[in-house]
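# Descriptive structure summary
Each chain, written out:
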Amino acid sequence: MHYFDYESVALAANIAPETLEEIRALVRSDFAEDEMMCELHILRACMAIQSGLVTAEEILQPATGASDK
């Protein structure tokens, strides 16, 4: 069962399938037991990339390696 259609948002945002899979894996590591929350956070990440608020690289960057902005 799918709760959110994040795939179409990822497609519209030109997120490569490999990158989307990396985002999925990252989010699933935080929400492994809650599919709805997992999909919601994937959708929000894709929407943020699509709107230009963040890049996929920034999302996938480990928190400990985050740049000082």
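Here's what I pulled together on the structure shown here. (Residues numbered from 1 in each chain as written. Predicted model: local features only at pLDDT ≥ 70, side-chain atom pairs only at ≥ 80, totals over all residues. Heavy atoms only, no water.)

## As for the pattern of salt bridges
What counts here: The term salt bridge refers to a side-chain nitrogen of Lys or Arg lying within 4 Å of a carboxyl oxygen of Asp or Glu. Type-normalised accessible area, obtained with a 1.4 Å probe on protein chains alone, sets the label of each residue: buried when under 20%, exposed when over 50%, and partly exposed for intermediate values.
Taken as a whole and assessed by the stated rule, the structure comprises two salt bridges. Between E35 and R28 there is a salt bridge, and its shortest N-O distance comes to 3.0 Å. Take R28: its relative accessible area is 32%, and that puts it in the partly exposed class.

## Digging into the nonpolar core
Cut-off, in case you're wondering: Side-chain atoms within 4.5 Å are what join buried Ala, Val, Leu, Ile, Met, Phe, Trp, Tyr and Cys residues into a set we call a nonpolar core. The way it works is that DSSP assigns letters per residue, a run of H or I at least four long becomes a helix, a run of E at least two long becomes a strand, and they are numbered from the N terminus.
Membership of the largest hydrophobic core comes to 15 residues, with the highest contact counts inside it found for I15, L20, I42, C46 and I49. Counting residues per element, the ones that place at least two in this core are α1 (6-12), α2 (17-30) and α3 (35-51). When residues in this core are grouped by element, the largest group, six residues, is from α3.

## Quick notes on α3
For an α-helix the count is 3.6 residues per turn, leaving residues at separations of three or four pointing the same way. This is how the line gets drawn: The span expected for a helix works out to 1.5 Å for each residue beyond the first. Whether two residues touch is decided by their heavy atoms; if any such pair falls within 4.5 Å, the residues are in contact. Distance and chemistry together define a polar contact, namely a pair of N or O atoms within 3.5 Å, with one atom able to donate a hydrogen and the other to accept it when in protein, and with adjacent residues in sequence counting only for side-chain atoms on both sides.
With 17 residues, α3 extends 24 Å from end C-alpha to end C-alpha; this agrees with the ideal 24 Å at 1.5 Å per step. Among all positions of α3, only C38, E39, I42, L43, A45, C46, A48 and I49 are buried. Where α3 is buried, its residues touch α1, α2 and α4 (56-60). With a side-chain oxygen lying 3.3 Å from the backbone nitrogen of M36, the N-terminal cap of α3 falls on D34. Positioned one or two residues after α3, G52 has a phi angle of 85°, which is positive.

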